2 protein chains.
Amino acid sequence: MATVGILGGTGPAGRGVAARLAGAGCTVVLGSRDADRATGIARGLTLRGEGTVEGGTNEDAAACNLVVVATPWDSAVATTSALRQALKGKIVISMVNALSREGREMVALYPSRGSMAAQIAHALPESVIVGAFHHLPAAQMEDLDSELDADVLVFSDDDDARRQVAELIDRVSGLRAVIAGTMSLASPIEAFTAVCISINIRHKTHSYVKMAGL
Amino acid sequence: MATVGILGGTGPAGRGVAARLAGAGCTVVLGSRDADRATGIARGLTLRGEGTVEGGTNEDAAACNLVVVATPWDSAVATTSALRQALKGKIVISMVNALSREGREMVALYPSRGSMAAQIAHALPESVIVGAFHHLPAAQMEDLDSELDADVLVFSDDDDARRQVAELIDRVSGLRAVIAGTMSLASPIEAFTAVCISINIRHKTHSYVKMAGL
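The notes below deal with the structure included here.

What counts and how
- Residues numbered from 1 in each chain as written.
- Chains lettered and ligands numbered in written order.
- Predicted model: local features only at pLDDT ≥ 70, side-chain atom pairs only at ≥ 80, totals over all residues.
- Heavy atoms only, no water.
- Phe/Tyr/Trp six-rings, centres within 6.5 Å; stacked < 30°, edge-to-face > 60°.
- Helix = DSSP H or I, 4+ residues; strand = E, 2+ residues; numbered from the N terminus.
- Buried < 20%, exposed > 50% of the residue type's maximum accessible area, 1.4 Å probe, protein only.
- Expected span 1.5 Å × (residues − 1).
- Arc of directions from axis to C-beta.
- Polar contact = N/O pair within 3.5 Å; in protein donor to acceptor, adjacent residues only side chain to side chain.
- Contact = heavy atoms within 4.5 Å.
- Axes fitted to C-alpha atoms, helices over the stretch in contact; angles between N-to-C directions.
- Parallel < 35°, antiparallel > 145°, perpendicular 65-115°, else oblique.
- Left-handed = near helix turned anticlockwise from the far one by under 90°.
- Nonpolar A, V, L, I, M, F, W, Y, C, P; charged D, E, K, R; others polar.
- Pairing = 2+ DSSP bridges.
- Least-squares fit on C-alpha atoms with pLDDT ≥ 70 in both.
- Salt bridge = Lys/Arg side-chain N within 4 Å of Asp/Glu carboxyl O.

**As for the packing of aromatic side chains**
Here a ring pair, both rings aromatic, is described through the centre-centre distance and the interplanar angle of the planes. Scanning the entire structure with this criterion turns up two aromatic pairs over all chains. Seen from their ring centres, Phe192(A) and Phe192(B) are 3.9 Å apart, and the 15 degrees between their planes marks the pair as stacked. Taken together, the residues span two chains, with Phe192(A) in helix 9 (residues 186–203) and Phe192(B) in helix 9 (residues 186–203). Phe192(B) shares its class with Phe192(A); the two are buried.

**Some words on unusual backbone geometry**
A positive phi angle, near 70 degrees, is found at Phe133(A), a position not held by glycine. Structurally, Phe133(A) can be placed in the loop between strand 8 (128–131) and helix 7 (138–142). Its identity as a non-glycine residue notwithstanding, Lys204(B) has a phi of 50 degrees, on the positive side. For Lys204(B), the location among the structural elements is in the loop between helix 9 and strand 11 (208–212).

**Examining helix 8 (residues 159–170) of chain A**
All names here are of chain A. When the terminal C-alpha atoms of helix 8 are compared, their 16 Å separation across 12 residues agrees well with the 16 Å that a helix rising 1.5 Å per residue should span. When helix 8 is considered as a whole, its buried residues turn out to be Ala-161, Arg-162, Val-165, Ala-166, Leu-168 and Ile-169. Take helix 8 and look down its axis: the buried residues cluster within an arc of 160 degrees, on one side only. Where helix 8 begins, the capping side chain belongs to Asp-158, and its oxygen is found 3.0 Å from the backbone nitrogen of Asp-160.

**Looking at helix 1 (residues 12–23) of chain B**
All names here are of chain B. Taking 1.5 Å as the rise per residue, helix 1 with 12 residues should run 16 Å; its terminal C-alpha atoms sit 17 Å apart, in good agreement. For helix 1, the secondary structure elements touched by its buried residues are strand 1 (3–7), strand 2 (27–32), strand 3 (52–57), helix 7 (138–142) and helix 8 (159–170). Following helix 1 by one or two positions, Gly-25 has its phi on the positive side, about 100 degrees.

**Regarding the packing of helix 9 of chain A against helix 9 of chain B**
One way to put it is that helix 9 of chain A packs onto helix 9 of chain B with a least axis distance of 9 Å and a crossing angle of 135 degrees. The angle between helix 9 of chain A and helix 9 of chain B places the two elements in the oblique class. Here the hand of the crossing between helix 9 of chain A and helix 9 of chain B comes out left-handed. Contacts from Pro188(A), Ile189(A), Ala191(A), Phe192(A) and Val195(A) of helix 9 of chain A reach helix 9 of chain B at Pro188(B), Ile189(B), Ala191(B), Phe192(B) and Val195(B). When its residues are assigned to classes, the contact of helix 9 of chain A with helix 9 of chain B shows 10 nonpolar, no polar and no charged.

**As for the environment of Ala98(B)**
Residues and elements named next belong to chain B. The topology assignment puts Ala-98 in the loop between strand 5 (91–94) and strand 6 (99–102). When the C-alpha atoms of Ala-98 and Thr-193 are compared, they prove to be 9.1 Å apart, with 95 residues separating the residues in sequence. Sequence-distant contacts of Ala-98, that is, excluding residues within four places in its chain, are made with Trp-73, Val-107, Ala-108, Leu-109, Pro-111 and Met-116.

**Examining the sheet that holds strand 9 (residues 150–156) of chain A**
As summarised here, the arrangement of the eight strands in space is 3-2-1-4-5-8-9-10 (chain A), forming an open sheet in which the pairing is mixed. Each end of this open sheet is capped by a strand with a single partner; those strands are strand 3 (52–57) and strand 10 (175–181) of chain A. Going from strand to strand, the sheet's axes swing by 25 degrees on average, the running direction of each strand aside. Sheet analysis places strand 1 (residues 3–7) of chain A next to strand 4 (residues 66–69) of chain A, joined by four bridges and oriented parallel. In the sheet register, Ile6(A) faces strand 4 of chain A, and the bridge partner there is Val68(A). Each of strand 4, strand 5 (91–94), strand 8 and strand 9 of chain A touches helix 6 (residues 116–123) of chain A; the most contacted strand, strand 8 of chain A, lies at about 165 degrees to it. Taken strand by strand, helix 9 of chain B contacts strand 9 and strand 10 of chain A, and its axis lies near 95 degrees from that of strand 10 of chain A.

**Quick notes on the relation of the copies chain B and chain A**
At an RMSD of 0.0 Å, chain B and chain A line up after a rotation of 180 degrees and a shift of 0.0 Å along the axis. The relationship between the two copies is best expressed as a two-fold rotation axis. Measuring from the rotation axis to each C-alpha of chain B, the shortest distance belongs to Lys210(B), at 2.6 Å. A shared binding surface is used by both copies, with 100% of the interface residues of chain B retained as interface residues in chain A.

**Description of the pattern of salt bridges**
Residues and elements named next belong to chain B. Enumeration according to the criterion identifies 18 salt bridges over all chains in this entry. When the shortest N-O distance is used, the salt bridge between Asp-145 and Arg-48 registers 2.9 Å. One end of the pair, Asp-145, is in the loop between helix 7 and strand 9 (150–156); the other, Arg-48, is in the loop between helix 2 (35–44) and strand 3, with 97 residues separating them in the sequence. Looking at Asp-145, the relative accessible area reads 56%, which means it is exposed. Salt-bridge contacts for Glu-167 lead to Arg-163; the nearest nitrogen and oxygen are separated by 3.2 Å. Placement of both Glu-167 and Arg-163 in helix 8 is noted, with a separation of four residues, approximately one turn of the helix. Residue classification places Arg-163 among the partly exposed residues on the basis of a relative accessible area of 38%.

**Thoughts on the sheet that holds strand 8 (residues 128–131) of chain B**
All names here are of chain B. The strand order 3-2-1-4-5-8-9-10 describes an open sheet built from eight strands, whose pairing is mixed. Of all the strands in the sheet, the pair left with one neighbour each is strand 3 and strand 10 (175–181). Averaged over all pairs of adjacent strands, the angle between their axes in this sheet comes to 25 degrees, without regard to strand direction. Across four bridges, strand 4 (residues 66–69) lies against strand 5 in parallel orientation. Bridge pairing links Val-69 to Ser-94 in strand 5.

The structure is reproduced here in structure tokens:
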């Protein structure tokens, strides 16, 4: 199985993906600017299956075969561009959404290149960017006993990378990969996260997207 | 029950909403620039329940209590602004998405005011704009025998109008209203239609959005 590094992996989004990927048998490195903090958080995760999660620096995470960007949106470009050499030739999965809270809602922000995936793709010209994991409820992702049956919309301009990431996601319990298409869909997929979170704030729940009839 | 006018109602999206609203008991006027064509299309619909659909001009449709904008996106502002007086004081539901086809995908376009709902709101300053019906599969909407169990995300800056539209939608078979929030969510909700259609083109299916866990 793949070794997966998660940049900025100590937040709720990164922890949830780490726990689920470990459940699918992956060896996960939770990267952080603070390796000790990442190690503590990795130890605190409740895991299932044969995979493992260990903490490390973002450099440690970037050394893995496959790398997920789970930093806050406003540090994603700085973090990834500093790791450009380590990420060269690799598939890099962006799960980053540019969002801002306004009262009881999240509002979607539109980065100048159209999406955070496009901003990251520009910062990493020798890497292959795939978008995934945008609409998932973080708390349920981390709780492997929760009943989760969510669709993960996957996009990339690289067909092969998109298929590899979709195959990995389909091995994760509670998730189904749906290949959405190219980077042209990055902006609406990322922005829709604002809708999912706003619905959850308003309705005090943890809902997520299913594509019915597929 | 409400009388509902549908501006530009002869396209697949308008016909589907007309058939479903008639099924819920509404008196529907399918408006078109060509009233004879609208009458022919209205007669061709297979209906259930006590509601009715008749064809007429867009002016006829605009005379109803509640009005849905189902024109192509690039004529929505021209059509609605010409009907500004008739629509004064009414709830106007925008189901308009600005989309363009690129190969096997739809791409989302971003109107300068952020969304088509905002463009229409600006054209109709004395009306109350609500967004709804964006992600629905048109063919299944029109076929009342199809198994449809779709969520309709509803947004507006007017709480009361949003609630009224949600209550109407909840009376329609196959649909559940989910109040998403304010006009701040118009852009990501409209743009996500590009993702839904692109998935359906790619996977040769008619999928639609469900918010699971709600």
